[in-house]
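# Overview (structure and organization)
Okay, here's what each chain looks like letter by letter:
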Amino acid sequence: MVDTPDVRPVGDLPNEIGRTAARELSLNGITSLGRVAGHSRKELLAIHGVGPKAVAILGEALAARGLAYKDS
């Protein structure tokens, strides 16, 4: 088993999304909640390593800042 490097914190993304999701979002240029808001849930779920749990956590963080996912 390969240990996933922990790149957290990534911008203002919540640490609770997990190491793999944080790394993959960062590799895709998504390093802030503002950038998350520029994507739909479907687009984020298409990124390897970003699953429903991370998308739910990000959705809560977006809502707390008055932001939302882009419509798909």
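Here, the structure is the one placed above.
Definitions and cut-offs
Residues numbered from 1 in each chain as written. Predicted model: local features only at pLDDT ≥ 70, side-chain atom pairs only at ≥ 80, totals over all residues. Heavy atoms only, no water. Helix = DSSP H or I, 4+ residues; strand = E, 2+ residues; numbered from the N terminus. Rg over C-alpha atoms; globule rule 2.2 N^0.38 Å. Buried < 20%, exposed > 50% of the residue type's maximum accessible area, 1.4 Å probe, protein only.

## Topic: the overall build of the chain
- Within the chain, the secondary structure is distributed over four helices and zero strands.
- Ordered by position from the N terminus, the helices and strands of the chain form the series α-α-α-α.
- For the chain, the C-alpha radius of gyration of 11 Å lies close to 11 Å, the compact-globule estimate for 72 residues.
- Dimensions of the chain along its principal axes, counting C-alpha atoms only, are 35 × 20 × 20 Å.
- The burial tally for the chain puts 38% of its 72 residues in the buried class.

## Re unusual backbone geometry
- Each neighbour pair has its own omega, and for R8 with P9 the value is 0 degrees, a cis peptide bond.
- Tracing the backbone shows P9 in the segment before α1 (19–27).

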